[in-house]
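A closer look at the structure
Take a look at the letters that make up each chain.
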Amino acid sequence: MFDMDPQELLLPSLVVVTSLVAYLVGRRLLRLPRARLRRAAARALEALGLLMLFGVVNVGLGIAFVLAYRGITGEFLSFYLLNDAVLGILSLVQALIFQWWWARPD
Amino acid sequence: MLARTGWGARLIRAIGGATLAIILVGGFTPLANVINAWMGGPSQIAPAEAIVVPGRGGVDVDEVLTNRSMRRTIRAVGLYRKSLAPLLVFSGDGGEVDARVRLAVSLGVPVDHIVAAHGANTTREEAALLDQLLRPRGVARVLLVADPIDMPRTRALLQRRGFTVLGAPSASSGPGDPESRLSLLRDIGTELSAYVYYRLRGWM
């Protein structure tokens, strides 16, 4: 049922290898405490969560705008304008700025 | 209320975890392809009175069809050349329809065997326009060429207009790389939202 092309293991393998290297650099060269890694992972999840929230709010607002535009002007505006990866990238920027603003200085 | 250590932060982290899971599962498993094939339904290639090709993606600024629109058009021309129907019907926005007609003609389809359905902006408007154009020609059984994810909504709208719809999904196996699978997953989400919207409005 799940025939995975072995070539598809390349991308996750790269990420695993570079993550291990980064861990070793952090621990051995930079002497970073292991506990902070856990906190960093939590922050990464916060960033992704905020990305999703900004994305949903942006799309929801976009839908409301399209409906209002159609209702007020009588002209057509496509919902598909909202199905654009650029909106995801901009939502990510919003999420990162908000997260750093929200973050307590350690 | 939304202190970084409170429930707000935990909720946002949970949403982040779910997002990461969706990215990993969507990118590195065939989930998107399975949903894609399921939405397309079985291929029902059989003789009909018209081959209907709804719009998808329009044209680029140089008036060349987008990938999806071109795939549909080529698939439809292939079905026409197998003599599965005497009529090829293109709908969509103006530029897309014109580009499809040009492509079909260049592939040997006679102009008088093509119906160019201009003027519809949405899938619902396309179904109404097709009803208006095809009924007088006595067309009741159509071979629908669309992307698998577009099949359920388009099929339901045409069936509601009284057409017998045979599905000929294009690109039914779906993409084979993580980025394209994630893109497909996003399109599936968009299409399912549209499906729910149409149901809520009572259009299907």
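Residues numbered from 1 in each chain as written. Chains lettered and ligands numbered in written order. Predicted model: local features only at pLDDT ≥ 70, side-chain atom pairs only at ≥ 80, totals over all residues. Heavy atoms only, no water.

When helices and strands are counted, chain B shows 7 helices and 5 strands. The helix and strand sequence of chain B, counted from the amino end, reads α-α-β-α-β-α-β-α-β-α-β-α. Principal axes of the C-alpha set define a box for chain B whose edges measure 70 × 35 × 35 Å. In chain B, which comprises 204 residues, the share counted as buried stands at 46%. In chain B, once contacts between residues fewer than 6 apart in sequence are set aside, the share between residues at least 24 apart is 73%. Split by element, the accessible area of chain B, about 9500 Å² in all, is 59% carbon and sulfur. Side chains of chain B carry 24 positive and 17 negative charges; the gap between the two charge centres is 9 Å. (Helix = DSSP H or I, 4+ residues; strand = E, 2+ residues; numbered from the N terminus. Buried < 20%, exposed > 50% of the residue type's maximum accessible area, 1.4 Å probe, protein only. Contact = heavy atoms within 4.5 Å. Areas by Shrake-Rupley, 256 points an atom, 1.4 Å probe, with all protein chains shown as cover. Lys, Arg positive; Asp, Glu negative; His and termini not counted. Charge placed at Lys NZ, Arg CZ, Asp CG, Glu CD.)

In this section: helix α7 (residues 178-201) of chain B. Here α7 of chain B is 24 residues long and its end C-alpha atoms lie 35 Å apart, about the 34 Å a rise of 1.5 Å per residue gives. For α7 of chain B, the full list of buried residues reads Pro178, Arg181, Leu184, Leu185, Asp187, Ile188, Glu191, Ala194 and Tyr198 of chain B. On its buried side, α7 of chain B packs onto α1 (10-29) of chain A together with α1 (7-28), α2 (31-40), α3 (67-81), α5 (123-134) and α6 (151-160) of chain B. One or two residues past the end of α7 of chain B sits glycine 202 of chain B, with phi positive at roughly 75 degrees. (Expected span 1.5 Å × (residues − 1).)

Turning to the layout of surface pockets, a few remarks are in order. Residues and elements named next belong to chain B. The space that makes up the second largest pocket amounts to roughly 260 Å³. For the second largest pocket, the lining is made up of 14 residues, of which Arg68, Asp147, Ala171, Pro175 and Leu184 are closest to its centre. Contributing elements (two or more residues each) for the lining of the second largest pocket: α3 and α7. If one sorts the elements of the lining of the second largest pocket by residue count, α7 sits on top with 4 residues. Here the lining of the second largest pocket is built from residues that sort into 5 nonpolar, 5 polar and 4 charged. (1 Å grid on protein atoms, 1.4 Å probe; cavity = no way out; pocket = protein on both sides within 12 Å on 5 of 7 lines; lining within 4 Å. Points joined across faces, edges and corners; volume = space filled by probe spheres on them. Nonpolar A, V, L, I, M, F, W, Y, C, P; charged D, E, K, R; others polar.)

Turning next to the environment of arginine 153 of chain B. With respect to the helices, strands and loops of the structure, arginine 153 of chain B is situated in helix α6. As for arginine 153 of chain B and glutamate 191 of chain B, which are separated by 38 residues in sequence, their C-alpha atoms are 8.4 Å apart. Those residues in contact with arginine 153 of chain B that sit more than four places away from it in its chain are Tyr80 of chain A together with Thr123, Glu191, Ala194, Tyr195, Tyr198 and Met204 of chain B. One polar contact links arginine 153 of chain B to tyrosine 80 of chain A, side chain to side chain, over a distance of 3.2 Å. (Polar contact = N/O pair within 3.5 Å; in protein donor to acceptor, adjacent residues only side chain to side chain.)

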